[in-house]
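Notes for the structure review
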Amino acid sequence: MQPDYGLAISDKFSLRSIPGFAISAVLLWLVIHQSGLELRSIRMSVTEATYFAGSIFAFVLATWFQSMRAKIVWLKRGSDWQEPATFSSLSIGNFYNCVLPGNLGDAVRAWHFSRRQRIPFASAVASIITEKWLDAQMFVIIACILFAISPFTGDYIFLAIYYTALAAVLLGTLYLLMLRYVLLEKFLWRIVCTLRRPGRFLYRIYKYASWQMAGIRQNGFVTAYLFFCVGAFLLNVLQFFLLLKAAGISGPVASVYTAYLTAVSMMIIAFIPSAPSNVGVLHYGLYLVLILAAKIHGAATDHAVLQSYALFGIYTHLSFLVPEVVVGGICLLWDGQYLYGWRPGEAPAKNITPDV
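Residues numbered from 1 in each chain as written. Predicted model: local features only at pLDDT ≥ 70, side-chain atom pairs only at ≥ 80, totals over all residues. Heavy atoms only, no water.

On to the overall build of the chain, then. Secondary structure summary: the chain contains 13 helices and 0 strands in total. Each helix (α) and strand (β) of the chain, taken in turn from the N terminus, gives the series α-α-α-α-α-α-α-α-α-α-α-α-α. Counting all 356 residues of the chain, 51% fall into the buried class. Taking all contacts inside the chain whose residues are at least 6 apart in sequence as the whole, residues at least 24 apart take part in 76%. (Helix = DSSP H or I, 4+ residues; strand = E, 2+ residues; numbered from the N terminus. Buried < 20%, exposed > 50% of the residue type's maximum accessible area, 1.4 Å probe, protein only. Contact = heavy atoms within 4.5 Å.)

Dropping the structure here:
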């Protein structure tokens, strides 16, 4: 019998969540303290509100692109694009990321998808790992483009991007070596499997993810996957550009380059331990990104400008939070029963990954 991992999700509210809440609280205080942001500064003109609404639309469309990318992982040549239904699982996971710390919404997403499609939980988790793994490889490319556009400096944001890209390259190289040399693969996984049940679970995820990545190539969906992946990233760039306008940021800082730098940085910010919805971590991270962008462009950073940078973090958070809660809440009402049991009479999915 498959372990009830879904019931264990609530157990994640433990002492491990405390550092995330503490980091979020400290960073949120730093943003307010360093920028001098006041509540009366949080207001929008009609034009700025239009930009903000456009950023929400761009984010929702990017989420749809991500769901189509997730769908490709499960498709076989000639299969029906109506199955599997990845958008609802992704939206429900995003909803729970707004209320659970430490990106636990991804666990809810995997649990919902495994129940909806009647596949092993490890296979659903592996599909998310597959997406993040391929995102990491894409991160290397977009980081190289970033450094080609502007010279590399010793700023710690650039250093974080550089070392993250370097880690992705090293891990990617290790994975290719494991595929080429079976003895190396067996040696490394024997070490991991000494952890007994957790080790065996990680091994199943590894095998599923390997099959899924191979399936994308064998079924001829590499181009389609890249299209949705790049499309989602460009929509994120558009979202941040519109948010720069919504926050009243002008001059050279309100540019496509700054939006691109923000989108790249967000791929790192999203992984930092935090309270639900990346409160604090997101605000302070984006605040520092805009200060870096101002340095690159030689723009002044007076009191009013710093307030607008802090305001950008708030608007960015809301541009994620509002659609994730609304769209995710609707999907939860429509499809939430899969979190707790099977829908009576629901047929199994057509594309089921073989168990390990």
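For the second largest pocket, the calculated volume is near 660 Å³. Taken together, 27 residues make up the lining of the second largest pocket; nearest its centre are Trp133, Leu134, Gln137, Met213 and Leu226. If you list the elements that add at least two residues to the lining of the second largest pocket, you get α6 (121-149), α7 (156-180), α9 (197-218) and α10 (222-246). Residues of the lining of the second largest pocket, tallied by class, amount to 21 nonpolar, 5 polar and 1 charged. (1 Å grid on protein atoms, 1.4 Å probe; cavity = no way out; pocket = protein on both sides within 12 Å on 5 of 7 lines; lining within 4 Å. Points joined across faces, edges and corners; volume = space filled by probe spheres on them. Nonpolar A, V, L, I, M, F, W, Y, C, P; charged D, E, K, R; others polar.)

Helix-helix packing: each pair is described by the crossing angle between the helix axes and the interaxial distance. With their axes 13 Å apart at the nearest point, α7 and α9 run at an angle of 90 degrees to one another. The orientation of α7 with respect to α9, classified from their angle, is roughly perpendicular. Each of Tyr175, Met178 and Leu179 in α7 lies in contact with α9, whose residues at this interface are Tyr206, Ser210 and Met213. (Axes fitted to C-alpha atoms, helices over the stretch in contact; angles between N-to-C directions. Parallel < 35°, antiparallel > 145°, perpendicular 65-115°, else oblique.)

At arginine 118, a position not held by glycine, the phi torsion is positive, near 55 degrees. Here arginine 118 is to be found in the loop between α5 (105-117) and α6. Despite not being glycine, arginine 196 has its phi angle at roughly 65 degrees, a positive value. Under the relative-accessibility criterion, arginine 196 is labelled exposed at 63%.

Turning next to the packing of α6 against α7. One way to put it is that α6 packs onto α7 with a least axis distance of 9 Å and a crossing angle of 135 degrees. With respect to each other, α6 and α7 are oriented oblique. Note that α6 runs across α7; the crossing there is left-handed. Touching Trp133, Ala136, Gln137, Phe139, Val140, Ala143, Leu146 and Phe147 of α6 are Phe158, Ile161, Tyr162, Thr164, Ala165, Ala168, Val169, Leu171, Gly172 and Tyr175, all from α7. A class-by-class count of the residues in the contact of α6 with α7 yields 15 nonpolar, 3 polar and no charged. (Left-handed = near helix turned anticlockwise from the far one by under 90°.)

Next up on the list: the pattern of salt bridges. Applying the stated rule across the entire model yields 5 salt bridges. A salt bridge links arginine 69 to glutamate 131; the nearest nitrogen and oxygen atoms lie 3.7 Å apart. Of this pair, arginine 69 sits in helix α3 (residues 46-74) while glutamate 131 sits in helix α6, and the two are 62 residues apart along the sequence. One exposure class covers both arginine 69 and glutamate 131, and it is buried. The salt bridge partner of aspartate 335 is arginine 116, with a shortest N-O separation of 2.8 Å. Note that aspartate 335 is positioned in helix α13 (residues 303-335) and arginine 116 in helix α5, a separation of 219 residues in sequence. Taken together, the shared-partner salt bridges in this structure form one network comprising Arg69, Arg109, Glu131 and Asp135. (Salt bridge = Lys/Arg side-chain N within 4 Å of Asp/Glu carboxyl O.)

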